[in-house]
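# Geometric and topological summary
Each chain is listed here by its residues.
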Amino acid sequence: MDFEKTGSPLILLDRKKIKANLRHSTIQLDILEKTDSTNEYLKKFISQNEQIRVCIAELQTQGRGRLNRQWYSPFGQNIYFSMLYPFQKVLSELSGLSLVVGLAICQSIESVVKLKNKMLSIKWPNDIFVDQCKLAGILIEIQAESNGFCQAIVGIGINVNMLNATKKDIGQPWTSLLKITEQYQDRNDLCVALIDVLMDYLERFSSHGLLAFTEEWKSRDGLFGRVVSVISGSKKHEGICVGINTQGHLLLKTSEKIIQACTSGDSTLLK
Ligand code: BTN
């Protein structure tokens, strides 16, 4: 498959088209040709008037991933998206947020793209995978306000029409929607679905917490029943994944038959 030679069209992000098709049409929407990082861009709007604001860019010069990694962000190919969302919740109540965002990403992609029987799954805490290859990632940054509530910047990167990247660009097995479906995708349709589904999921999370997503998480949990290692700071835990607890922490059954809750970190499938 050589899409560059077949001359797939380059469809740019189109603010009017996205706005016109949104159910949640009152959100502020900034479409940028270029920025350092869409998460960084939204920081200047924190605390202004607690409005929901979305920024999507064609290119990021300093796209950031979790754990100080870079996020490869070439022009016009993928989705580099951030949403500023005010929560009437204290910081500790947001511990399951990244899992809910992961579920929203999967649902929005599947509502637009025919994935040919391929299932999107989530590698705790927030990587979207297809067949052991990373399709999307989430970087959430939270600011606690003086009123006790929080504003979250939910950053999402989805590999959409990317076909080529070197090992230096992306240091792990990756895929894109174009690679999976062999079809060029209009990112505007995906952005509409992403905004609308994310808004629905964040509203539900605000009102009912992580509990409202228990069954959906089970259907997307890419680690359940697998032998997993989690590195969290200087600690390393290993065991069989038996799901998550009510706070969204990963539960591992260790060789000593103890259930270990992992609060944060990076998970790796061992078997
Ligand atoms: C990860 O998997 O490590 C998280 C990747 C998050 C990437 C997105 S792209 C839009 C937003 N802006 C950034 O600089 N990072 C996030």
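All figures in this text were calculated on a predicted structure; none of them were measured in a lab. (Residues numbered from 1 in each chain as written. Predicted model: local features only at pLDDT ≥ 70, side-chain atom pairs only at ≥ 80, totals over all residues. Heavy atoms only, no water.)

### Looking at the site of the ligand
Looking at the ligand, there are 20 residues lining it, with Ser37, Gln60, Arg64, Arg66 and Lys134 nearest. Ser37 is positioned such that a nitrogen or oxygen atom in its side chain is 2.8 Å from an oxygen atom of the ligand. Arg66 is positioned with one of its backbone polar atoms (N or O) 2.7 Å from an oxygen atom of the ligand. For the ligand, whose accessible area on its own is 420 Å², the fraction buried by protein is 98%. Elements that contribute at least two residues to the shell around the ligand include exactly α3 (38-43), β3 (79-87), β6 (133-144) and β7 (150-158). With four residues, β6 is the largest single contributor of residues to the shell around the ligand. Split by residue class, the shell around the ligand holds six nonpolar, 10 polar and four charged. (Near = heavy atom within 4 Å. Polar contact = N/O pair within 3.5 Å; in protein donor to acceptor, adjacent residues only side chain to side chain. Areas by Shrake-Rupley, 256 points an atom, 1.4 Å probe, with all protein chains shown as cover. Helix = DSSP H or I, 4+ residues; strand = E, 2+ residues; numbered from the N terminus. Nonpolar A, V, L, I, M, F, W, Y, C, P; charged D, E, K, R; others polar.)

### Some thoughts on the domain arrangement of the protein chain
Here the protein chain is partitioned into domain 1 (13-216) and domain 2 (222-267). Computed over C-alpha atoms only, the centres of domain 1 and domain 2 are separated by 25 Å. Taken residue by residue, the interface counts 13 residues in domain 1 and 16 residues in domain 2. For the pair domain 1 and domain 2, the summed buried area comes to about 1100 Å², and 52% of that belongs to carbon and sulfur atoms. For the pair domain 1 and domain 2, the interface holds two salt bridges. Along the contact surface separating domain 1 from domain 2 lie eight residue pairs in polar contact (both at pLDDT 80 or more). (Domains from an automatic or database assignment. Contact = heavy atoms within 4.5 Å. Buried area = accessible area lost by both parts, 1.4 Å probe. Salt bridge = Lys/Arg side-chain N within 4 Å of Asp/Glu carboxyl O.)

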